[in-house]
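Below are the chains, spelled out letter by letter.
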Amino acid sequence: MVQKIRKKTKGGADAPRLVPLVLVVSALAGPRRDGRDVRRPFSPAWRLREIFVDHFDLDVVSTDRPLGVEEYARWPGAVDPLWAMRAAGEHKVVLTKTPQEYDDDSIRAGIVPILALVAGSRLDELAALWAADLPEVARVGLTGAFNEAFNLIPGYDRVLFLGPRPARDLNGLIGHLHALVGDECASGGVAPPNPFPLCPERVLAAGPVALKR
């Protein structure tokens, strides 16, 4: 059971912090493990936020869809979490420009930025999100959100995801995700994709940011 993150703040050590996290995701279509572009939007746009609020009582800001690795490297919120907080609006979702065309010819990694708002004195409790496996109900919720966004058929297609983890661990997550994809491809008797591109180190430097009250 995951301990829920309480959100009440009183100031001082309890002053709120904005903590950059990421989920990484890939999708495989059919028994041949064909590619499926994961840069498709969630419906509704705040679907992922609802899951974190419902299952972890965790106040978060997220994007409306996974970003490609190059997109994430250019996304202002990757290096400036406060920008993302301001851009999120009432629903606490940063809207992005959807690709004009989707590329289902290759297997790719997608990145979902998640900014968690927690009291400073409870930053250590946030680690409960990645100290153990996600609870089954949360994993089912995330899997369903990805399946719907990517138009996947449960039991026929496969969605693979890791996280949430601190954004500074992104490249390690991408490497681990590629290994999982490789295992799935091997089980289907097909060659694994080339290694997924990694993010420039300069993009991974952002840590928790104190919010002014």
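Everything that follows concerns the structure shown earlier in this document.
In this report, we go over the structure that sits alongside the text. Within each chain, residue numbers correspond to sequence positions counted from 1 in written order. Selection of residues for local features in this predicted model requires a pLDDT of at least 70, selection of side-chain atom pairs for listing and counting requires 80 or more, and totals for whole chains, interfaces and linings are taken over all residues. The basis for every side-chain value is the complete set of heavy atoms in the structure, and neither hydrogens nor water enter the calculation.

## Structural notes on helix H8 (residues 170-187)
Each α-helix turn comprises 3.6 residues. Residues three or four places apart therefore point the same way.
Part 1: Taking 1.5 Å of rise per residue, the 18 residues of H8 would be expected to cover 26 Å, and the 26 Å separating its terminal C-alpha atoms lies within 8% of that figure.
Part 2: Three or more residues of H8 are buried, namely Leu-170, Asn-171, Leu-173, Ile-174, Leu-177, His-178, Val-181, Gly-182, Glu-184 and Cys-185.
Part 3: Contacts from the buried residues of H8 go to strand S1 (16-29), helix H2 (69-74), strand S6 (110-119) and strand S7 (158-166).
Part 4: Each helix is a run of DSSP H or I of at least 4 residues and each strand a run of E of at least 2, with the numbering of both proceeding from the N terminus. Following H8 by one or two positions, Gly-189 has its phi on the positive side, about 75 degrees. The length a helix should cover is 1.5 Å for every residue beyond the first. Relative accessibility thresholds used throughout: buried, under 20% of the residue-type maximum; exposed, over 50%; partly exposed, between the two (1.4 Å probe, protein chains only). Residue contacts are defined here by distance: any two heavy atoms, one from each residue, within 4.5 Å place the two residues in contact.

## Some words on the side chain of Arg-108
Part 1: With respect to the helices and strands, Arg-108 occurs in the loop between strand S5 (93-94) and S6.
Part 2: For Arg-108, the side chain forms a polar contact with the side chain of Asp-103, separated by 3.2 Å.
Part 3: In this structure, Arg-108 is in contact with Val-25, Ser-26, Asp-37, Val-38, Arg-39, Asp-103 and Phe-196, ignoring residues within four places of it in sequence. Here a polar contact is taken to be a pair of N or O atoms separated by no more than 3.5 Å, where protein atoms must pair a possible hydrogen donor with a possible acceptor and residues adjacent in sequence count only if both atoms sit in side chains.

## With respect to the environment of Val-19
Part 1: In this structure, Val-19 sits in strand S1.
Part 2: As for Val-19 and Pro-41, which are separated by 22 residues in sequence, their C-alpha atoms are 23 Å apart.
Part 3: Setting aside anything within four residues of it in sequence, one finds Val-19 in contact with Ile-114, Leu-115, Ala-116, Val-118, Leu-123, Leu-126 and Pro-208.

## Digging into the pairing of strand S3 (residues 59-63)
Part 1: Most of S3 sits inside the fold, with five of its five residues counted as buried.
Part 2: In S3, alternate side chains face the same way, and those of Asp-59, Val-61 and Thr-63 on one face and Val-60 and Ser-62 on the other are all buried.
Part 3: Only strands joined by at least two bridges in the DSSP assignment are considered to pair. One ladder, built from four bridges, connects S3 with S6; its direction is antiparallel. By the bridge assignment, Ser-62 is partnered in S6 with Ile-114.
Part 4: Examined bridge by bridge, S3 and S5 share two bridges and lie parallel to one another. Bridge pairing in S5 places Thr-63 opposite Val-94.

## Brief notes about the packing of aromatic side chains
Part 1: Aromatic pairing here means that ring centres of Phe, Tyr or Trp (its six-membered ring) are within 6.5 Å. Orientation follows from the plane angle: under 30 degrees is stacked, over 60 is edge-to-face, and everything else is tilted. A full pass over the atoms with the stated rule returns six aromatic pairs.
Part 2: For the ring pair Phe-42 and Phe-146, a centre distance of 5.8 Å and an interplane angle of 50 degrees mean the geometry is tilted. Of this pair, Phe-42 sits in the loop between strand S2 (34-35) and helix H1 (47-56) while Phe-146 sits in helix H7 (residues 136-150), placing them 104 residues apart in sequence.
Part 3: Judged by relative accessible area, which is 0%, Phe-146 ranks as buried.
Part 4: With 5.6 Å between their ring centres and 20 degrees between their planes, Phe-146 and Phe-150 make a pair best called stacked. Of this pair, Phe-146 and Phe-150 both sit in helix H7, four residues apart, which is roughly one turn of that helix.
Part 5: Linked through ring pairs, Phe-42, Phe-146, Phe-150 and Phe-161 together constitute an aromatic cluster.
Part 6: Here, a charge over a ring means that NZ of Lys or CZ of Arg falls within 6 Å of the ring centre while also lying within 35 degrees of the ring normal. Lying over the aromatic face of Tyr-102, Arg-40 brings its terminal NZ or CZ to 4.3 Å of the ring centre.

## Some points on empty space enclosed by the protein
Part 1: Only protein atoms enter the calculation, which uses a 1 Å grid: trapped sets of points that fit a 1.4 Å probe without letting it out are cavities, open sets showing protein on both sides within 12 Å along at least five of seven lines are pockets, and any residue with an atom within 4 Å of a point is a lining residue. Grid points are joined across faces, edges and corners, and a volume is the space filled by probe spheres set on the points. Summed over the entire model, instances satisfying the criterion amount to one cavity of 30 Å³ or more.
Part 2: For the largest cavity, the full set of lining residues is Pro-20, Leu-21, Tyr-72, Trp-75, Gly-77, Ala-78, Pro-113, Leu-115 and Ala-167.
Part 3: Those elements that provide at least two residues to the lining of the largest cavity are S1, helix H3 (76-79) and S6.
Part 4: The classification used treats Ala, Val, Leu, Ile, Met, Phe, Trp, Tyr, Cys and Pro as nonpolar, Asp, Glu, Lys and Arg as charged, and all other residues, Gly among them, as polar. When its residues are assigned to classes, the lining of the largest cavity shows eight nonpolar, one polar and no charged.

## Looking at the nonpolar core
Part 1: In this text, buried Ala, Val, Leu, Ile, Met, Phe, Trp, Tyr and Cys residues form a nonpolar core when linked through side-chain atoms within 4.5 Å. Counting 34 residues, the largest nonpolar core has Val-24, Tyr-72, Ile-111, Leu-170 and Cys-199 as the members making the most contacts within it.
Part 2: Within the residue set of this core, elements represented by two or more residues are S1, H2, S6, S7 and H8.
Part 3: For this core, the element with the highest residue contribution is H8, accounting for six residues.
Part 4: If we ignore the near neighbours within four places in the chain, the residues touching Val-24 are Gly-110, Ile-111, Leu-160, Phe-161, Leu-162, Leu-170, Leu-173, Ile-174 and Leu-177.
Part 5: Residues Leu-48, Phe-52, Ala-138 and Leu-142 belong to the second largest nonpolar core, which totals 29 residues.

Spatial relationships are all this shows, so hold off on functional conclusions.
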